[in-house]
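Understanding the architecture of this molecule
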Amino acid sequence: MDGVRSQLEILTESSTGSVNYESSIFKLNHTLKNKRIFDVATGVEDMPAGGDENASVLAWKTKDLEAQTLIGLNCSRAISRKIAKCTSARQMLDKLETLYGKKSAVSIEGLQRLFFGYKYDEKKTVIENCMQIQEYADNLTAAGEEVKESWIMQRILSILPAKLYHFRTSWDNVSGVDRCLTTMFDRLRLEDDRLKDDDENPDNHSQNELISKQVSRSKTSNANKSFECFKCGKKGHKKAECRGKPCSKFIEYCKNTYGCKVCKRKGHFAKDCPEKECSQDNKSDVKSHDKDFRHACISISLSAQSLKNDMTDDLKNSWFQDCGASEHMSSHREWFHNYQKLNKPCLITVGDGNKIKGIGFGDINVEAYNGQEWNKIVLKNVLTCQKYHSISSL
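Residues numbered from 1 in each chain as written. Predicted model: local features only at pLDDT ≥ 70, side-chain atom pairs only at ≥ 80, totals over all residues. Heavy atoms only, no water.

The name an unreviewed UniProt entry assigns to the protein is CCHC-type domain-containing protein, from the organism Trichogramma kaykai.

Here is the structure:
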């Protein structure tokens, strides 16, 4: 019996009231079936009529006693006291079901508190925290409660720490068959690997946005020249300060990690997508001022609503550079020169699917930082729109 006990999971009750009933009873039932005493223990096979001298009665009692021994040995001391007065294996199982099974509303409420009240544990990895929520959901399902997959995904998103807030926005852009737990776990594993790499190389933290200022800023000293830029691959500056062209490694990383914002497939950017709304012919016609209607696909790492909410004075005067954007865009009419108004407003699709209106285009003079100094450049054919951040395409 000691060997059987070591193979089973002891039914215990924690100080918070949670009980491992579902997993423990699952293993116990399989052991009873393996020993061919499950029907006796659950009452499917009743005790035959007759006295103790009857061989059938004696065989039934032997099986029932073996089942009682298995059940008692695989319960903690506190739980064993609650079933000590039971006279048969069936009574013991029924008592456990009443106390801890799916019939107990208290047990279900405890599982619900664990599922909906779980908080991110910094001592665990991202995947380990997600698997903990998945385990609570499985326990609720085993107790007869419905737990939708969308609930599990929403709980996972709600517990993510600040360092993974950008994942929420990127997940909002996922739709169709890809919006499932399997895809979410695959993407979170990539984020988990990135965080581990950042912990091992704290000087190479990747940035979510590339910002260049429209007005002159005081030059920042680059004390450590050993930094290697994640974007261009050169040493001497960080990715946030990089104004060089992206290297092939960075481009492949963006393609394989974030994918196209138009067709939702990985392997290319939105500007190269064959399903993009506006063709290259229409784009060249608009740039030559022969057309009065213009389409542009703007894709950024933050949603339109969150950009509007975060519109501080500092951000209002900033440029956001995005590898998925197909056109430059700004809402600052006073920055433009050679400005021309469109005869008919154009539609601009942003990363979260919303559309805003473009009303004109022109050139803007800006100063961009290349890691060592500020240089004057001119952004050509910049779209102008209302109440939105300034976006620059790669």
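**Topic: the overall build of the protein**
Condition: Numbering of helices and strands starts at the N terminus; helices are DSSP runs of H or I of at least 4 residues and strands are runs of E of at least 2. A simple rule labels every residue: compare its accessible area, found with a 1.4 Å probe on the protein chains alone, to the largest value its type can have, and call it buried under 20%, exposed over 50%, or partly exposed in between. Contact criterion: two residues are considered in contact whenever any of their non-hydrogen atoms come within 4.5 Å of each other. Using the Shrake-Rupley algorithm and a 1.4 Å probe, accessible areas are obtained, with residue cover drawn only from the displayed protein chains.
Along the backbone of the protein there are 15 helices and eight strands. Considering the protein as a whole, with its 394 residues, one finds that 42% of them fall into the buried category. For the protein, long-range pairs separated by at least 24 residues make up 58% of all intrachain contacts whose partners lie at least 6 apart in sequence. Carbon and sulfur atoms make up 48% of the accessible area of the protein, which totals about 22200 Å².

**Focus on empty space enclosed by the protein**
Which entries qualify depends on this criterion: Points on a 1 Å grid over protein atoms alone make up a cavity when a 1.4 Å probe fits among them but cannot get out, and a pocket when they form an open set with protein on both sides within 12 Å along at least five of seven lines; lining residues each have an atom within 4 Å of a point. Grid points are joined across faces, edges and corners, and a volume is the space filled by probe spheres set on the points. Amino acids outside the nonpolar list (Ala, Val, Leu, Ile, Met, Phe, Trp, Tyr, Cys, Pro) and the charged list (Asp, Glu, Lys, Arg) are all regarded as polar, and Gly is one of them.
For the structure on display, the rule yields one cavity of 30 Å³ or more. The space that makes up the largest cavity amounts to roughly 70 Å³. A per-element tally of the lining of the largest cavity places helix H2 (residues 21-34) first, with four residues. Class assignment of the residues belonging to the lining of the largest cavity gives a composition of eight nonpolar, two polar and one charged.

**Observations concerning the UniProt feature "domain: CCHC-type" (unreviewed entry) in the protein**
The test is simple: UniProt positions are given in the numbering used here, feature names are shortened, and annotations may be inferred rather than shown by experiment.
According to UniProt, the positions carrying the feature "domain: CCHC-type" (unreviewed entry) are residues 229-243 and 260-275. Helix makes up 0% of residues 229-243 and strand 0%. Its end C-alpha atoms lie 10 Å apart. Summarising residues 260-275: 0% helix, 0% strand, and an end-to-end C-alpha distance of 10 Å.

**Some thoughts on the side chain of aspartate 64**
Our working definition: Residues adjacent in sequence count toward polar contacts only when both atoms are side-chain atoms; beyond that, a polar contact is any pair of N or O atoms within 3.5 Å, and within protein one must be able to donate a hydrogen and the other to accept it.
Counting through the fold element by element, aspartate 64 comes out in helix H4 (residues 55-73). Within the structure, the side chain of aspartate 64 is placed 2.7 Å from the side chain of glutamine 68, a separation counted as a polar contact. Aspartate 64 has contacts with Val40, Thr87, Ser88 and Ala89, leaving out every residue within four places of it along the chain.

**Let's talk about the pairing of strand S6 (residues 355-369)**
Selection criterion: A strand pair is defined by DSSP finding two or more bridges across the two strands.
For S6, the tally of buried residues reaches 11 of 15 residues, placing the bulk of the element in the interior. Summarising the sheet, strand S5 (residues 336-349) and S6 pair through eight bridges and their orientation is antiparallel. Its bridge partner being in S6, histidine 337 is matched across the sheet by aspartate 363. The antiparallel hairpin formed by S5 and S6 contains five residues in its connecting segment, where glycine 353 sits at a positive phi of about 95°. Examined bridge by bridge, S6 and strand S7 (residues 374-385) share 10 bridges and lie antiparallel to one another. Its bridge partner lying in S7, tyrosine 369 is registered against tryptophan 374. Between S6 and S7, which pair antiparallel and follow one another directly, the connecting turn spans four residues, one of which, glycine 371, has a positive phi of 105°.

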